[in-house]
Amino acid sequence: MDCPKCGAHNETDVGSCLSCGAHMPGEDMVEPTLMKPPSRTPAQKLQQSGGAPRQCPNCMTLNAASFKFCARCGTPLTPSAAAPPPKVAGWPVARRDAKPAAPGARAPTQPSAPPVPLPPTGKTPTAARPTPPPPPKPGPGTRPSAPAATTKAGSPKARARISAIARDGSRSADYVLTQPETRIGRAVGDSEVKLDKDQFVAATHAVFKFEGEQLTIQDSGTENGVFLWFKERQIQSGDELRIGRQRLRIEWLPEEPETAADQPLWGSPDPGYVARAVQLLEGGGEGDVFPLKQGENLVGRGSGDVSFPQDGYVSSRHCLVTVGDDGQIGVKDLGSANGTFVKINGSSPVSPGDLLLVGEQILRVDPA
């Protein structure tokens, strides 16, 4: 049959022109069952046409390699459709004994391959969980719900935090202060600052108290006391310092009673000593006594007026003890590695960042 558009000659069993793809009239009503079957099958014709057959991407019909348009539906045959797709399970395969379909007729639906049974796994498959619906949008006049509370209802608010500092400088424990008073000791409650592994800590060693918003610490009158870290401050005669592993008491020299003598007493020249630092030994005894002259007195490990060469916790230039001519005694830390601490008398206010020595434990005051 000749194409009415381009004039090309086409076979009578096609529905579209093989050259331009135009629809071929007069063949729509041909009933394929009344036609005499062709002497050659479509597959044999495609093989004799030369080259690999082209498969239509629209209706999946195999066409000759020389066809530019599908003989069934007129869809352009691209070069990518020249090779047939690989055979997979459930893919329709052309049968040699299949009758050619009429032009314009729709290809019959191929039954899908039966599902391949999977080996038993011993687990029962669970049904997919349905997706919950989105929350409703708040309408006009509605107030969004408050976020869930992260703390238990009625729990007291944290007001300060006490951190126990290990020897390597790391934080070994945390104690949260929520009550107006919190005790420190070996025999206090678990919710308090419990230091039960330090033999130099008393059963109830000290108490943290809140006076309004100000946190204070009060010594309970223990022998080992509570020492507060400082950089520079004035002290009184009789105050105690902790420097490295040393515990010192700073005091004025006692006045010698005047005695009548025929001649003065001979001795070493007096450089003007007016005070002294008394070493307090473990167990309560007194050790070395270091005289302090008026002016600056260096305390350190290697050299100085007060020296402790065997104490590795004392820096080479640890601190200065200054005795003024006005009767004042001042102590200044020189940037030592382990700091300088003074024993508090009664109670003392503390602030975030302050360090406390209780027994052998260092406590740091942190904000809540």
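Structural data are supplied above this passage.
**Q** Describe the overall build of the protein chain, listing the residues and the values that go with them.
**A** Counting its secondary structure elements, the protein chain contains one helix and 22 strands. Buried positions account for 31% of the 368 residues belonging to the protein chain. For the protein chain, long-range pairs separated by at least 24 residues make up 44% of all intrachain contacts whose partners lie at least 6 apart in sequence. Per element, the accessible surface of the protein chain, about 24,700 Å² overall, is 53% carbon and sulfur.

**Q** Could you give me a rundown of the pattern of salt bridges, with the residues and numbers involved?
**A** Following the criterion strictly, the structure yields 11 salt bridges and no others. Its salt-bridge partner being Asp-366, residue Arg-364 comes within 3.0 Å of it at the nearest N-O pair. For Arg-364, a relative accessible area of 26% gives the class partly exposed. Connected via shared salt-bridge partners are Arg-249, Glu-251, Arg-276 and Glu-286.

**Q** Just give me the short version of the sheet that holds strand 5 (residues 181-185), but keep the residues and values in it.
**A** Spatially, 6-5-7-8-20 is the arrangement adopted by the five strands of the open sheet, whose pairing is mixed. Looking along the sheet, the strands with just one partner apiece sit at the ends: strand 6 (193-194) and strand 20 (347-350).

**Q** For the pairing of strand 17 (residues 319-323), give the residues involved together with the corresponding values.
**A** Counting buried positions along strand 17 gives four out of five residues, so the element sits mostly inside the fold. As paired strands, strand 15 (residues 295-300) and strand 17 are joined by five bridges and run antiparallel to one another. The partner of Leu-298 across the bridge, within strand 17, is Leu-320. Counted between consecutive antiparallel strands, the loop separating strand 17 from strand 18 (residues 329-333) contains five residues, among which Gly-327 sits at a positive phi close to 85 degrees.

Conventions we followed
- Residues numbered from 1 in each chain as written.
- Predicted model: local features only at pLDDT ≥ 70, side-chain atom pairs only at ≥ 80, totals over all residues.
- Heavy atoms only, no water.
- Helix = DSSP H or I, 4+ residues; strand = E, 2+ residues; numbered from the N terminus.
- Buried < 20%, exposed > 50% of the residue type's maximum accessible area, 1.4 Å probe, protein only.
- Contact = heavy atoms within 4.5 Å.
- Areas by Shrake-Rupley, 256 points an atom, 1.4 Å probe, with all protein chains shown as cover.
- Salt bridge = Lys/Arg side-chain N within 4 Å of Asp/Glu carboxyl O.
- Pairing = 2+ DSSP bridges.

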